[in-house]
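Observations on the model geometry
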Amino acid sequence: MNFKLVLSALALSVCSATAWATTVGFAQVGSESGWRTQFSESVKAEAAKRGIELKFADAQQKQENQIKAVRSFIAQRVDAILLAPVVETGWMPVLREAKRARIPVIILDRNVALNDDSLYVTRIASDFTEEGRIAARWLMQQSKGQCSIIELQGTVGATAAIDRAKGFNEVLAQYPQSKIVRSQTAEFTRAKGKEVMESLLKAENGGKGICALWAHNDEMALGAIQAIKEAGLAPGKDMWVVSVDGVPDYFKAMADGDANATVELNPHLGGPAFDVVSKVLDGDKAIPKLIRTTGGLFTQDTAAAEYEKRRLN
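Residues numbered from 1 in each chain as written. Predicted model: local features only at pLDDT ≥ 70, side-chain atom pairs only at ≥ 80, totals over all residues. Heavy atoms only, no water.

1. Structural notes on the packing of aromatic side chains
- Counting across every chain of the model gives five aromatic pairs.
- For the cation-ring pair, Lys44 lies above Phe56, with the distance from its terminal atom to the ring centre recorded as 4.2 Å.
- One cation-aromatic arrangement involves Lys289 over Tyr120; the distance from NZ or CZ to the ring centre is 4.3 Å. (Phe/Tyr/Trp six-rings, centres within 6.5 Å; stacked < 30°, edge-to-face > 60°. Lys NZ or Arg CZ within 6 Å of the ring centre and 35° of its normal.)

Following this line, the structure appears as C-alpha cells:
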C-alpha cells in the first residue's frame, strides 16, 4: 500500500469536508421589497451552490431582531456572519462580541457607523450617494433645471436613505430653480409609498404643480404611481418618476409609460460575499474595506427588453 497516496487522499477528504461544513449566518433586514427578496435569494442560491450551510434570519425591519440573530450565530459558533443592517447605529456591542469569538463579519448593502473598523472585514455595497447624484442629474437634464419635487425617503437612519438623499441634494443645490417641496419617509415599502404619496398630493393641490417624484427605492415609487393615477394624473407624463433599484415590476411600469428612470442596485451580492468569506477563512489579510457594486441608469428606452430579461431570472 502506498501510504503517501493514502495520506494525501485523507488530507483532501478533510479539506473537502471542512469546506462543505462551512456554516455562515446571514442577518437580513427583511423582505420589504422585491429587491430585498432578490438579494436574499442570491445569497441562499450561492450558499447552496458552494455547499455552505446558511443560517438565515429575517429581521422584519427591526434592529433588535438582527442583534438577537447575530448573538444566536455567535452562540452557534458559525464560521462567518453576513450582516445587512437595518440602520447604521447601535452595532458596537454585538460586533465586539463577534470579534471576541473570532468570527469574521462581512457587511452587505447598508452601512454601519463604527469608530473601530476592525469589527468587520469589509462592506460590499453600491455607492448610495452616487445613486442619488445619478437620479438628480437625469431629472435636472429632463426638466432643464426647473422642477418642484416630492421626495419619498427610505427608512429613517438607513444608509441608503441617508446617502441617496445626500447625493440627490448635492446635485439639486446647483439648480436654484428646483427644490424638494415635500419630503417624507415611506419606509421602503409599496404600501407606505401609496399611503404617503396620497397625503403629499393632497397637501400640494392634488399634485398639479409637481414636476417629479423622487423615490429612494422602486417599491415606494410603485405605490406612489398608483396614488398619482388615483389623483387623476398620468405618472411618467404629468409627473416624472425617478427611483433606485431596478426591480422587474418597475421596469414594467417604465415600459408601460408610468415611470421614467431608475438607477440599478445590484441584488446579486451572494457571490462577492462568499468570495470574501472564503478568503478570510483562508487567512487573506489584504481584503479592502469597501467593495463597490454600483449600477447604471435605466430609462423607458430599454425598459421593455430589460423587463423580459429580469422577469425570467
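2. Details of the sheet that holds strand E7 (residues 178–185)
- Read across the sheet, six strands follow the order E7-E6-E8-E9-E10-E12 without closing on themselves; strand pairing throughout is mixed. Either end of the sheet is taken by a strand with one partner, and the two such strands are E7 and strand E12 (294–299). Pairwise comparison of adjacent strand axes, ignoring direction, gives a mean angle of 15° for this sheet.
- Running over the sheet, helix H7 (residues 190–203) touches strand E6 (147–153), E7 and strand E8 (212–215) and is turned about 145° from E6. (Pairing = 2+ DSSP bridges. Helix = DSSP H or I, 4+ residues; strand = E, 2+ residues; numbered from the N terminus. Axes fitted to C-alpha atoms, helices over the stretch in contact; angles between N-to-C directions. Contact = heavy atoms within 4.5 Å.)

3. So, the packing of H7 against helix H8 (residues 218–230)
- Orientation of H7 relative to H8, taken along the N-to-C sense of each, is 45°, at an axis distance of 7 Å. Overall, the two elements H7 and H8 adopt an arrangement that is oblique. For the element pair H7 and H8, the recorded crossing hand is right-handed. Between H7 and H8, the residues in contact are Arg190, Gly193, Lys194, Met197, Glu198 and Leu201 and Glu219, Met220, Leu222, Gly223, Ala224, Gln226, Ala227, Ile228 and Glu230, respectively.
- When its residues are assigned to classes, the contact of H7 with H8 shows seven nonpolar, three polar and five charged. (Parallel < 35°, antiparallel > 145°, perpendicular 65-115°, else oblique. Left-handed = near helix turned anticlockwise from the far one by under 90°. Nonpolar A, V, L, I, M, F, W, Y, C, P; charged D, E, K, R; others polar.)

4. What to know about the state of the cysteines
- Taken as a whole and assessed by the stated rule, the structure comprises one disulfide.
- Here Cys147 is linked by a disulfide to Cys211, with a sulfur-sulfur distance of 2.0 Å. Where Cys147 bonds to Cys211 through sulfur, the torsion about that S-S bond is close to -95°, and the disulfide is left-handed. Remark: Cys211 occurs in the loop between H7 and E8 and Cys147 occurs in strand E6; sequence separation between them is 64 residues. We note that Cys147, like Cys211, is buried. (Disulfide = S-S within 2.5 Å. Buried < 20%, exposed > 50% of the residue type's maximum accessible area, 1.4 Å probe, protein only.)

5. Brief notes about the side chain of Glu151
- Position of Glu151 relative to the elements: it lies in strand E6.
- Buried within the structure, Glu151 lacks any salt-bridge partner; its nearest side chain of opposite charge belongs to Arg164, at an N-O separation of 10 Å.
- Side chain to side chain, Glu151 and Ser183 meet in a polar contact 2.6 Å long. (Lys, Arg positive; Asp, Glu negative; His and termini not counted. Salt bridge = Lys/Arg side-chain N within 4 Å of Asp/Glu carboxyl O. Polar contact = N/O pair within 3.5 Å; in protein donor to acceptor, adjacent residues only side chain to side chain.)

6. Topic: the nonpolar core
- Core analysis: the biggest nonpolar cluster contains 77 residues, and Leu82, Leu108, Leu139, Met197 and Leu213 have the highest contact counts within it.
- When sequence neighbours within four positions are dropped, the list of residues in contact with Met197 reads Ile150, Leu213, Ala224, Ala227, Ile228 and Met239.
- Within the second largest apolar cluster, 22 residues are counted, among which are Val78, Ile81, Ile103 and Tyr120. (Core = buried A, V, L, I, M, F, W, Y, C linked by side-chain atoms within 4.5 Å.)

7. Considering the confidence of the model for the protein
- Per-residue confidence for the protein gives a mean pLDDT of 92; residues scoring 70 or more make up 93%.
- Overall, residues 1–20 carries pLDDT values under 50, and its contacts beyond four positions in sequence, including any with other chains, amount to three contacts. (pLDDT = per-residue confidence, 0-100.)

8. Here we look at H7
- Between the first and last C-alpha of H7 there are 20 Å, a value that for 14 residues agrees with the 20 Å anticipated at 1.5 Å per step.
- Where H7 is concerned, the buried positions are Gly193, Val196, Met197, Leu200 and Leu201. The arc enclosing the buried residues of H7, seen along the axis, measures out at 135°, which places them on a common side. Facing away from the buried surface of H7 by more than 90 degrees, the exposed residues are Ala191 and Lys202.
- Packed against the buried residues of H7 are E6, E7, E8 and H8.
- Among the residues of H7, the N-terminal cap falls to Thr189, whose side-chain oxygen and the backbone nitrogen of Lys192 are separated by 3.2 Å.
- Asn205 sits one or two positions beyond H7 and adopts a positive phi of about 55°. (Expected span 1.5 Å × (residues − 1). Arc of directions from axis to C-beta.)

9. Here's the deal with the environment of Asp238
- Here Asp238 is to be found in the loop between H8 and strand E9 (240–245).
- As a C-alpha pair, Asp238 and Asn217 span 21 residues in sequence and 20 Å in three-dimensional space.

10. With respect to unusual backbone geometry
- Its identity as a non-glycine residue notwithstanding, Gln60 has a phi of 55°, on the positive side.
- Positionally, Gln60 belongs in the loop between strand E2 (53–58) and helix H3 (63–75).
- Despite not being glycine, Gln61 has its phi angle at roughly 65°, a positive value.
- Assignment of secondary structure puts Gln61 in the loop between E2 and H3.
- You can call Gln61 partly exposed: its relative accessible area is 37%.

11. Regarding the pairing of E7
- Summarising the sheet, E6 and E7 pair through seven bridges and their orientation is parallel. The partner of Leu152 across the bridge, within E7, is Gln184.
- Running through helix H6 (residues 159–172), the crossover from E6 to the neighbouring parallel element E7 is right-handed. (Right-handed = clockwise from strand over helix to strand, strands pointing away.)

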